[in-house]
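Residues per chain are reported as follows:
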Amino acid sequence: MTIGLTHYLILAALLFCCGLFVMTTKRNAVGILIGVELVLNAACLNLVAFSRYRVGTIDGQIAALFIIVLAAAEAAVAIAIFVNYYRMLATIDADKGDELRG
Amino acid sequence: MSTIELLLITGVLLPLASFVLLAFVGSKLGKPASGWVAVLAMAASCVLAMVALVQWQGLDAAGRAAARSAPVLWATLGGMPIKFGVNLDSLTLIMFFMVTFVSTWIFVFSVGYMAGHSDEIDGVSKFHRFFTYLSLFGFSMLLLVIADSLLLLFIAWELVGVCSYLLIGYYFHKKSASDAGIKAFVTNRVGDFGFIIGLGMVVLFLGDLSLAGAAEKFHHEFMAGGPLFSRTFCGLSLATWMGMLLFCGAIGKSAQFPLHVWLPDAMEGPTPVSALIHAATMVAAGVYLTARIFVLLTPEAQQFVATIGCITLTLAALVAIVQTDIKKVLAYSTISQLGYMMLGMGVGAWIAALFHLLAHAFFKALMFLGSGQVIEGCHHEQDMRKMGGLIRKMPVTAVTFLVGVLAIAGVGIPAVWMPGHTPFGLGGYFSKDEILAVAWHRVYGENHGENEVAPGAEIQNPKSRIHNAEAAALRPEPRTLNPLLFWIPVLMAYVTPFYMMRCWWLTFMGKPRDHHVHEHAHESPLMYVPLVVLALGTFVSSYYLFRPLVAAAAPHPFLTVSYDGAAAEAAEAHATMISHGAHAALATRVGLAFAVGFVLAWLIYRKGLAVGEKLAVALKPAYTVLVHKFYFDELYGFVLIGGTMALNAISYAFDKFVVDGLVNLSAFVTERLSWFSGMIVDQGVVDGMVNGVGRGTWTLGGLVRSPQVGRIRNYILFAATGVAVVVLWIAFV
Amino acid sequence: MSGEAIAFYMLAVLAAGSALGCVIATNIVRMALCLLGTLGAVALLYFLMAANFLGVIQLIVYAGGTLILIVFGIMVTSRMYGEKLKPRRSEALIGALVVLALFAGLVAILWRGPWVTVVPTEQPNSVAAIGQALLGTYLVPFELASVLLLAVMIGAAYLAQPAARNGRGTEREE
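Because the structure is a prediction, the values reported are computed rather than measured.

Trainee: Sorry, what's going on with the nonpolar core here?
Mentor: If you look at soluble globular proteins, the nonpolar side chains tend to sit buried side by side. Membership of the largest hydrophobic core comes to 198 residues, with the highest contact counts inside it found for Leu144, Leu228, Met242, Trp262, Leu296 and Met345 of chain B. Other than its neighbours up to four places away in sequence, Met242 of chain B contacts Gly198, Met201, Val202, Leu206, Phe218, Leu228 and Leu296 of chain B. Formed by 81 residues, the second largest nonpolar core is a distinct cluster that contains Cys18 and Val22 of chain A together with Ala16 and Leu39 of chain C.

Trainee: For this particular structure, what's the right way to read the interface of chain A and chain C?
Mentor: In many reports, interface size means the accessible area that the parts give up when they come together. Each side of the interface is counted separately: chain A has 70 residues, and chain C has 81 residues. Both faces combined, the contact of chain A with chain C buries some 7000 Å², and carbon together with sulfur accounts for 76% of it. Applying the counting rule to chain A against chain C returns 0 salt bridges. Where chain A packs against chain C, one counts 8 residue pairs in polar contact (both at pLDDT 80 or more). Going through the elements one at a time, helix H1 (5-25), helix H2 (29-55) and helix H3 (59-89) of chain A are the ones with two or more residues in the side of chain A that touches chain C.

Trainee: Whenever I open this one, helix H7 (residues 175-206) of chain B confuses me. Can you help?
Mentor: Residue and element names in this part refer to chain B. Look at H7: 45 Å from first C-alpha to last across 32 residues, which is about the 46 Å you get at 1.5 Å a residue. Considering bend angle alone, the principal kink of H7 is centred on Gly191 and spans about 25°. Following H7 by one or two positions, Gly207 adopts a phi angle in the positive range, close to 65°.

Trainee: Explain unusual backbone geometry to me, please; I cannot follow it from the model alone.
Mentor: A cis amide bond, omega 0°, links Phe257 of chain B with the succeeding residue Pro258 of chain B. Despite not being glycine, Ala255 of chain B shows a phi value in the positive range, around 55°. Mapped onto the elements of the fold, Ala255 of chain B is located in the loop between helix H10 (238-253) and helix H11 (262-265). Despite not being glycine, Ala50 of chain C has its phi angle at roughly 65°, a positive value. For Ala50 of chain C, a relative accessible area of 23% corresponds to the partly exposed category.

Trainee: Would you mind going over the pattern of salt bridges with me for this structure?
Mentor: It is possible for side chains bearing opposite charge to pair when their charged atoms get close. Summed over all chains, the structure comprises 8 salt bridges over all chains. The partner of Arg27 of chain A in a salt bridge is Asp93 of chain A, and the shortest N-O contact between them spans 2.6 Å. Note that Arg27 of chain A is positioned in the loop between H1 and H2 and Asp93 of chain A in the segment after H3, a separation of 66 residues in sequence. With a closest N to O distance of 3.1 Å, Asp265 of chain B and Lys183 of chain B form a salt bridge. You can see Asp265 of chain B sitting in helix H11 and its partner Lys183 of chain B sitting in helix H7, a full 82 residues away along the chain. Accessibility expressed as a relative area gives 22% for Asp265 of chain B, which makes it partly exposed. Look at the salt bridges and you will find they share partners, linking Glu158, Arg189 and Asp192 of chain B into a network.

Trainee: How should helix H14 (residues 299-322) of chain B be read in this particular structure?
Mentor: For an α-helix, 3.6 residues make a turn, and residues three or four places apart therefore share a direction. The end-to-end C-alpha separation of H14 of chain B is 36 Å, in line with the 34 Å expected for 24 residues at 1.5 Å each. H14 of chain B sits mainly inside the fold: 18 of its 24 residues count as buried.

Trainee: Can you walk me through a nonpolar patch on the surface in this structure?
Mentor: Taken together, the side chains of Phe654, Phe657, Val658, Val659, Leu662, Val663, Leu665, Phe668, Val669 and Leu673 of chain B define a hydrophobic patch exposed on the protein surface, amounting to about 970 Å² of accessible area. Within the secondary structure, Val669 of chain B sits in helix H30 (residues 632-705).

Trainee: I tried to follow the confidence of the model for chain B on my own but got confused; where do I start?
Mentor: Residue and element names in this part refer to chain B. Per-residue pLDDT for chain B averages 75, and the proportion of residues at 70 or more is 77%. Note that residues 575-580 has pLDDT below 50 and, in this model, 23 contacts with residues that lie over four places away or in other chains. Overall fold confidence (pTM) sits at 0.66, and the ipTM for the predicted complex is 0.88.

Trainee: I'm lost on the environment of Gly370 of chain B in this one. Help?
Mentor: Residues and elements named next belong to chain B. Take Gly370: it is sitting in helix H16 (residues 350-377). Separated by 27 residues in sequence, Gly370 and Thr397 have C-alpha atoms that sit 5.7 Å apart. The residues contacting Gly370, other than those within four sequence positions of it, are Thr397, Phe401 and Leu531.

Trainee: It is not clear to me how the pairing of strand E2 (residues 80-84) of chain B should be interpreted in this structure. Could you clarify?
Mentor: Within a regular beta strand, the side chains point alternately toward one face of the sheet and then the other, so they alternate between its two faces. All names here are of chain B. Burial along E2 is one-sided: the residues Met80, Ile82 and Phe84 are buried and none of Pro81 and Lys83 is. Direction of pairing for strand E1 (residues 72-77) relative to E2: antiparallel, over a ladder of 5 bridges. Along E2, the bridge assignment pairs Thr76 with Pro81.

Trainee: I keep staring at the environment of Lys253 of chain B and nothing clicks. Help me out?
Mentor: Residue and element names in this part refer to chain B. Relative to the helices and strands, Lys253 resides in helix H10. You can call Lys253 buried: its relative accessible area is 0%. The spatial distance from the C-alpha of Lys253 to the C-alpha of Leu263 is 9.3 Å, given a sequence separation of 10 residues. A polar contact of 3.4 Å, which involves the side chain of Lys253, links it to the backbone oxygen of Trp157.

Thresholds applied
- Residues numbered from 1 in each chain as written.
- Chains lettered and ligands numbered in written order.
- Predicted model: local features only at pLDDT ≥ 70, side-chain atom pairs only at ≥ 80, totals over all residues.
- Heavy atoms only, no water.
- Core = buried A, V, L, I, M, F, W, Y, C linked by side-chain atoms within 4.5 Å.
- Buried < 20%, exposed > 50% of the residue type's maximum accessible area, 1.4 Å probe, protein only.
- Contact = heavy atoms within 4.5 Å.
- Buried area = accessible area lost by both parts, 1.4 Å probe.
- Salt bridge = Lys/Arg side-chain N within 4 Å of Asp/Glu carboxyl O.
- Polar contact = N/O pair within 3.5 Å; in protein donor to acceptor, adjacent residues only side chain to side chain.
- Helix = DSSP H or I, 4+ residues; strand = E, 2+ residues; numbered from the N terminus.
- Expected span 1.5 Å × (residues − 1).
- Bend = angle between axes of the 7 residues up to and from the residue.
- Patch = residues over 30% accessible without salt bridge, like charges linked within 9 Å, V, L, I, M, F, W, Y side chains within 5 Å.
- Areas by Shrake-Rupley, 256 points an atom, 1.4 Å probe, with all protein chains shown as cover.
- pLDDT = per-residue confidence, 0-100.
- Pairing = 2+ DSSP bridges.

Next comes the structure, spelled out in structure tokens:
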């Protein structure tokens with residue numbers, strides 16, 4: 001069996017689920033960010049696979065490119081927020097950031 | 001890319017380089033050096049412009065066409081190619097030369113002027129900041145001049161706006177200065193809003209933002225009777241609206257009625273900035289834009305332009321009469337002269353208007369620098385009533401200023417009786433009279449001077465193409481303009497010399513009225529050298545140098561396409577030379593206007609202020625209106641601020657009476673109802689049930705509340721659960 | 001088994017293994033290392049799919065930039081006092097259930113669907129094509145991305161500046 005679209009999609013689904021699980025279970029805020037990166041990578045992989053096996057153009061690659069750019073931007077802002085968070089609460093535990101709880 | 005284009009692009013980039021240099025290491029360069037860097041860059045640009053101009057003059061028509069290279073594809077946006085290139089023609093070159101030349105000397109003047117000003121902010125010298133902005137200003141203006149696409153032009157346009165904001169508000173620690181900067185910027189935004197909509201219409205209907213391409217498509221649209229011409233809005237065709245909206249930008253930038261209010265306030269900036277804004281850059285940008293989009297203006301739009309110009313020049317000239325601040329007089333005279341240029345554009349005197357722009361740039365820069373010298377010499381005294389007799393202390397300034405006054409007043413000898421019509425005069429004489437002549441031609445001249453082209457006039461381009469059959473067929477019935485468009489400007493041509501001579505006389509002649517000011521008055525060489533150079537330039541910038549160059553750039557296609565017979569006639573007539581009849585008629589009406597104005601001013605002000613003050617008392621109502629600048633600031637204050645307040649009041653009243661009333665009513669009804677239900681139903685029957693419900697709600701609330709714990713992870717989990725449910729639904733149901 | 005298949009399975013195992021490593025690891029530094037594995041494997045998968053440019057970008061931006069950023073973030077925030085950060089057992093259980101259900105659903109969908117595919121064509125110069133597309137069809141997103149990056153640069157610099165200097169900023173946030 002040759003490698004086709006389905007293989008990539010299942011791999012991407014696996015990565016996605018791992019990322020999601022990391023996001024839901026890690027209490028370290030940076031860990032949540034790592035989970036987000038995994039999810040984004042899964043999406044990128046999907047886009048590239050579709051663009052190669054389904055459409056045959058490079059549009060998917062462009063979209064993936066934008067995702068990479070956005071992920072970098074998002075990581076930069078997130079880290080800046082975490083640094084502030086850490087400075088204010090002296091912890092990086094995401095569960096402690098519940099001051100706005102009703 | 002041809003040599004000339006390369007020269008121009010280098011010329012544009014030099015001020016930019018200076019800007020970058022000064023922005024980063026300006027503070028290290030220190031006080032005089034950073035100024036000289038800016039001067040050097042601008043002077044180098046000026047030399048390049050001169051070389052380019054000389055080369056251009058050496059080329060024949062084929063060579064000129066070959067010198068233009070195709071624009072570079074910059075980007076494709078929604079299928080529309082965006083191309084940038086150099087718009088190479090005589091107008092670009094002469095404007096480029098004018099901007100660089102005048103700017104260079106203004107920069108030199110600035111080095112002297114700013115040396116005497118405190119420029120410390122928090123104890124750190126910010127001398128370089130001024131020249132950083134000046135360089136950026138120069139760069140933006142030069143970019144605007146060479147832009148061949150409306151988009152590039154718009155980019156440069158906005159850059160100019162930003163620079164004017166920075167420079168007008170240069171003394172930003174002074175409230176009035178920062179306010180003036182904001183006012184200039186915001187007022188310009190109002191105009192730019194129209195401009196942007198106009199650009200949108202160009203994209204929508206013409207699909208091409210390059211100047212040449214848009215003109216061509218516009219012509220094509222006209223021939224085909226496309227939607228731009230067939231569809232109307234409020235009785236005017238969309239093409240007219242497009243032209244008028246594009247012109248809105250120019251209204252803001254060139255301080256035309258009704259957006260002229262920012263320019264007098266802009267006097268808060270340092271005087272060299274006023275000179276730069278008024279002469280070479282900002283206000284010129286508006287006229288230049290109008291010249292470039294002229295081919296997109298329908299006759300109605302042209303009439304709009306002419307009307308705006310006419311109103312502007314009248315208002316400004318009248319207000320200038322009563323101003324006592326030397327810079328404000330000059331500011332209003334600038335607005336008035338810009339009105340003349342716009343009038344010229346509107347009546348089809350394309351060449352004359354641009355010619356006037358160039359001539360005006362020289363003499364207005366000259367006068368502003370002169371006023372800067374006076375203000376600097378008199379310890380920042382700007383009130384003319386405290387000056388007087390300065391000619392003894394500042395001979396060079398006085399004489400050069402007089403040259404400017406003569407030029408703006410249009411001094412010349414109307415030599416209509418001489419064979420070959422060889423007049424003599426300063427730049428303003430030819431340019432302003434030519435605008436008036438064309439206006440006259442448009443108003444009265446259909447049956448006049450068709451073939452009477454003055455002999456000996458230099459004809460740059462035989463316009464045989466105009467006379468071909470296609471053009472003749474295209475040309476509809478000639479339409480004449482409202483005679484007011486001729487008579488009001490003529491009247492104001494008598495007012496201009498009056499207020500300019502008043503200004504000069506009050507400043508330099510007569511007896512010193514304030515000895516404190518008088519004693520300190522002095523000149524410094526760094527500042528009067530530019531004055532002398534610009535005065536010489538005013539002499540040279542006459543008919544024989546600038547006009548042929550401008551005339552060579554006149555957009556020929558528009559003359560053939562022109563939708564309006566009379567406009568085409570007039571344009572043709574004056575493209576070669578003002579028709580003999582028109583000029584003769586004009587000479588008898590305004591030829592000696594300057595003399596009348598001068599004598600009147602001299603009669604009133606030769607003995608100082610007394611006569612003038614008596615007149616002011618005698619004509620009190622008119623005087624009051626003029627002193628308040630026709631109440632425009634008050635009007636805008638009333639309409640905009642008052643309008644907002646009125647809206648507040650209405651909203652408040654609505655709130656108080658309608659909304660409150662409803663609320664009170666419903667409260668009343670509820671109260672009665674609850675009383676009824678409370679007394680009859682509740683106490684008897686429902687209490688137990690209600691308590692049960694309350695307890696239930698409490699429990700439910702606790703349940704619902706528990707997930708909202710403020711933990712991101714839980715939210716993610718909920719979202720994931722939702723996704724999982726959807727996916728499972730798709731997969732298995 | 002073709003070479004491509006061997007390469008794919010190796011990379012897939014690497015990627016999935018690293019991702020699972022992320023899940024299992026309790027130490028945040030180890031998580032970051034595992035993320036590096038996944039990112040590298042995905043980059044190699046891009047190469048395998050002839051998206052060379054994207055692979056390079058993935059390595060440079062993701063592995064070289066974003067990951068370094070994350071490591072820096074870990075370094076700055078790693079000094080913790082008190083208990084270790086572990087999820088409650090119940091949370092982990094529910095999370096695992098949900099994620100497994102999701103994965104099962106996805107795999108079911110993917111298996112079932114007959115995917116209409118095209119035969120992949122080799123594009124000789126995909127970098128040039130991407131460049132053209134970025135400055136052509138995708139010009140507006142491209143420019144927007146540049147504006148976004150600028151905003152992020154300013155915003156991140158503002159947010160992360162030392163407390164002494166942004167007295168006003170932090171007060172407003174609190």
